[in-house]
Amino acid sequence: PSVRCLGKERTLGMIKPDGVSGNYTEEIKRIIVDSGFSIVNERLTQLDKETASAFYEEHSSRSFFPDLVSYMTSGPVLAMVLEKRDAVSDWRGLIGPTDAQKAKISHPHSIRALCGKDSQRNCVHGSDSISSAEREIKFFFEDVVSDDIASQHDEL
Ligand code: RTP
Ligand code: MG
């Protein structure tokens, strides 16, 4: 199935570990819904090193990659499938620039300005293209990440 259907489009949004542990989940969800997105699926999950590395594999040669993997595995993340017309670009616009310090100046109403700290801890993720959205929605909702927090707890 395509991420585009009947004029609507889907993207992968994620609240990163700092957003979840900082108790921003409800506020971010309210912004999402108030901005016209439907949250059509969601999954709270703890990424391990392997899954976090695979998710961000495009950055594997960057100097910040080991830090990025540590950050993304530091606590649970909430992955969400977000749907609306132009979901991919509209969600990128709503989250703001990568560097949360810059976001606070240039995009003060963005989500990263609200709950991000710096160029790494920026509290949310968004797919950067329609093809990334297709890959990332599959990643969280069909392939690698199959156990949510509740079922992981059941196995303990
Ligand atoms: P994302 O993929 O998480 O939505 O973020 P993005 O497109 O705005 O930025 P990207 O270039 O894809 O970088 C992915 C994530 O890596 C961390 N990062 N750290 N220390 C650094 O200089 C640095 N640069 C990037 C951030 O967590 C960024 O969101
Ligand atoms: Mg990116």
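Residues numbered from 1 in each chain as written. Chains lettered and ligands numbered in written order. Predicted model: local features only at pLDDT ≥ 70, side-chain atom pairs only at ≥ 80, totals over all residues.

What follows deals with the overall build of the protein. If you tally the helices and strands in the protein, you get nine helices and five strands. For the protein, the N- to C-terminal ordering of α and β elements is β-β-α-α-β-α-α-β-α-α-α-β-α-α. Per-residue burial over the protein gives 34% buried out of 156 residues. Expressed as a percentage of contacts within the protein between residues at least 6 apart in sequence, the contacts between residues at least 24 apart total 70%. (Helix = DSSP H or I, 4+ residues; strand = E, 2+ residues; numbered from the N terminus. Buried ≥ 20, exposed ≤ 12 C-beta atoms within 10 Å, placed from the backbone. Contact = placed C-beta atoms within 7 Å.)

Detailed reading of predicted coordinates is not advised where the pLDDT is low. Overall, the prediction assigns the protein a mean pLDDT of 92, with 88% of residues at 70 or greater. The element-level mean pLDDT for the protein is lowest in helix α9 (residues 149-155), coming to 46, with strand β5 (residues 124-126) highest at 99. Taken as a whole, residues 150-156 scores under 50 in pLDDT and shows two contacts with residues more than four places along the chain or in a different chain. Across the interfaces of the predicted complex, the ipTM metric reaches 0.98, alongside a pTM of 0.91. (pLDDT = per-residue confidence, 0-100.)

Our next topic: the site of ligand 1. Residues in contact with ligand 1, as listed here, are H59, F64, L68, T98, S119, Q120, N122, H125, G126 and D128. Counted by class, the shell around ligand 1 contains two nonpolar, seven polar and one charged residues. (Near = placed C-beta within 6 Å. Nonpolar A, V, L, I, M, F, W, Y, C, P; charged D, E, K, R; others polar.)

The residues that UniProt annotates with the feature "binding site: ATP" (unreviewed entry) are K16, F64, R92, T98, R112 and N122. Tracing the backbone shows K16 in the loop between β2 (8-15) and α1 (17-21). Those residues in contact with K16 that sit more than four places away from it in its chain are M72, V77, C123, V124 and H125. By the element assignment, T98 lies in the loop between α5 (87-95) and α6 (100-106). The residues touching T98, leaving out its near neighbours within four places in the chain, are S119 and N122. (UniProt positions renumbered as here; feature names shortened; annotations may be inferred.)

Following the UniProt record, the feature "active site" (unreviewed entry) maps to H125 here. Within the secondary structure, H125 is located in strand β5. Owing to 21 C-beta atoms within 10 Å, H125 belongs among the buried residues under this scheme. If near-sequence neighbours (up to four positions away) are discounted, H125 is found in contact with G13, M14 and K16.

Attention now moves to the environment of T25. Among the structural elements, T25 can be located in helix α2 (residues 25-34). Along the sequence, T25 and P97 sit 72 residues apart, while their C-alpha atoms lie 19 Å from each other. Excluding anything up to four places from it in sequence, T25 contacts I15, G19, V20 and L78.

Before going further, it helps to examine unusual backbone geometry. Here the phi dihedral of N23 falls at roughly 65°; this positive angle occurs in a residue that is not glycine. By the element assignment, N23 lies in the loop between α1 and α2. On the neighbour-count criterion, N23 (9 C-beta atoms within 10 Å) is exposed. For C123, which is not glycine, the phi dihedral falls at a positive 60°.

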